[in-house]
Each structure stands twice: as C-alpha cells, then as structure tokens.
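Secondary and tertiary structure notes
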Amino acid sequence: YGHPLTRGLLAFWPLWEGGGIGARDIVTGDRLLSFTDMVQGSTSGWSGGRAGGTGLIMDGVNDNLQGTITVGLSASLTLSMWAQIKVLPSAVKVFFNSEYSANVYVGLGVHSLNQWLMTLYDGTNNPYILGPTAVANKWTHVVGVRNVPTDTIFLYVDGVIRGSTNDTTTSTPV
C-alpha cells in the first residue's frame with residue numbers, strides 16, 4: 001500500500017485481482033469492493049480491461065459493485081469509473097454505489113433512458129444528473145463530483161462536463 005496513484009485518495013480499486021468476487025483498494029488494503037450477482041463465466045465476471053489490464057463484465061440487469069466509504073454525506077467527493085456496457089439496461093442501473101448507511105448513497109450508472117447518471121440520496125432527497133446517451137460496447141470514462149461548499153453536483157463523461165445541479169441532500173449519517 002502507499003502506491004503513488006493513491007496520494008490524496010480515500011479509496012482506489014484498480015481491479016488488479018483478475019478473479020474472485022471482490023477487490024481490495026490500494027489505499028489501505030482493507031476496503032473490499034464486492035461484486036453482487038456476478039457469476040464468472042456467464043454474462044458477467046472478469047475480463048480484459050481498457051488499458052490491457054483486468055476489468056469486469058456486468059450483465060446490465062442485476063450486477064453491482066458495492067463499497068463502503070465512511071466519510072458521510074457531509075464531505076465533498078469524486079467518484080470515477082471506466083465502463084463498457086455490453087447490453088444497455090432497461091431500468092435505472094447504478095454500477096458503482098457507495099452506501100454510507102441504509103438508504104443513503106452516492107452512485108454512478110445508467111438511467112432507464114440509457115443516459116449516464118450521477119445520483120445522491122439521503123433518505124428523502126435524490127438530486128441526480130443525466131448525461132449523454134451510453135453507447136454499447138464503447139469504453140467510457142464517467143466521473144461524478146460533489147462539491148459541498150457550493151451545494152453542487154457535477155457529471156463528466158469522457159472528460160467533458162455534461163451537467164450540474166443543486167445538491168439538495170441534507171442528511172448526514174452517523
């Protein structure tokens with residue numbers, strides 16, 4: 001641990017494992033990113049990554065990445081992922097979801113309209129941003145930013161800001 005890529009990061013899961021049902025972050029080594037409903041060798045599981053490393057194939061139906069980061073919704077944060085969707089989902093699909101507590105989360109995914117999505121939820125309020133249409137079989141870099149001092153959330157797709165909106169969340173989980 002102490003990898004140069006982790007400087008200033010709270011967690012980083014590069015998916016270097018190449019197998020199994022989870023990945024450890026390289027900041028502390030103890031935060032597990034677990035893969036739910038993924039069956040290796042079916043329509044989901046480990047595969048080649050964008051830059052020649054390893055990545056995950058997700059079926060677009062019920063596969064999910066679940067991680068826990070204990071900063072609470074009072075903190076500014078940035079979520080980033082590379083994604084290549086083989087089959088576009090028919091319902092809202094949050095691929096990366098960091099749950100702070102029951103029903104309080106921030107996530108990146110694809111909306112049922114097949115647009116990239118950044119969403120927050122505090123148990124009551126659910127600000128979100130829809131970006132451009134996701135394209136099947138195309139690697140895409142998706143970044144969601146939450147700026148607490150300005151009460152704003154942003155969505156970037158392939159390095160271009162695709163939208164922002166007022167952050168209406170108010171809850172701060174314990």
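Computed from a predicted structure; not experimentally measured. (Residues numbered from 1 in each chain as written. Predicted model: local features only at pLDDT ≥ 70, side-chain atom pairs only at ≥ 80, totals over all residues. Heavy atoms only, no water.)

The next point concerns the overall build of the protein chain. Broken down by element type, the protein chain carries zero helices and 13 strands. What you see in the protein chain, going N to C, is helices and strands ordered as β-β-β-β-β-β-β-β-β-β-β-β-β. For the protein chain, buried positions account for 45% of its 174 residues. Within the protein chain, contacts between residues separated by at least 24 positions form 48% of all contacts whose residues are at least 6 apart in sequence. Put simply, the protein chain shows about 8800 Å² of open surface, and 54% of that area lies on carbon and sulfur atoms. (Helix = DSSP H or I, 4+ residues; strand = E, 2+ residues; numbered from the N terminus. Buried < 20%, exposed > 50% of the residue type's maximum accessible area, 1.4 Å probe, protein only. Contact = heavy atoms within 4.5 Å. Areas by Shrake-Rupley, 256 points an atom, 1.4 Å probe, with all protein chains shown as cover.)

Moving on, we come to the nonpolar core. In this structure, M81, V106, L108, W116, M118, V142 and L155 are the most contacted members of the largest nonpolar core, which totals 17 residues. At the level of elements, strand 6 (77–83), strand 8 (104–110), strand 9 (115–121) and strand 12 (152–157) are the ones that each hand at least two residues to this core. It is strand 6 that contributes the most residues to this core, four residues altogether. Core analysis: the next-biggest nonpolar cluster, separate from the first, contains eight residues, A11, L15, F35 and W46 among them. (Core = buried A, V, L, I, M, F, W, Y, C linked by side-chain atoms within 4.5 Å.)

With that settled, the discussion passes to the pairing of strand 13 (residues 160–166). Sheet topology note: the strand 12/strand 13 ladder contains six bridges and is antiparallel. Paired with T152 across the strands is N166, a residue of strand 13. In this structure, the hairpin formed by strand 12 and strand 13 is closed by a connection of two residues, where D158 is found at a positive phi of approximately 50°. (Pairing = 2+ DSSP bridges.)

Turning next to the side chain of N114. Looking at the secondary structure, you find N114 in the loop between strand 8 and strand 9. A relative accessible area of 19% means that N114 is categorised as buried.

Assignment of secondary structure puts T140 in strand 11 (residues 140–147). The class for T140 is buried, based on a relative accessible area of 2%. Side-chain polar atoms of T140 contact the backbone oxygen of K138, separated by 3.3 Å. Among all residues touching T140, those that are not within four sequence positions of it are M81, W82, A83, W116, V157 and D158. (Polar contact = N/O pair within 3.5 Å; in protein donor to acceptor, adjacent residues only side chain to side chain.)

Strands sit in the order 6-11-12-13 across an open sheet of four strands; the sheet is antiparallel. The open sheet terminates on both sides in strands that have one partner only, identified here as strand 6 and strand 13. For this sheet the average axis-to-axis angle between neighbouring strands, irrespective of direction, equals 15°. (Axes fitted to C-alpha atoms, helices over the stretch in contact; angles between N-to-C directions.)

Structurally, T54 can be placed in strand 4 (residues 54–57). Since its relative accessible area comes to 30%, T54 is described here as partly exposed. It is 5.5 Å that separates the C-alpha atoms of T54 and G18, two residues lying 36 residues apart in sequence. When sequence neighbours within four positions are dropped, the list of residues in contact with T54 reads L15, W16, E17, G18, W46, S47, G48 and G49.

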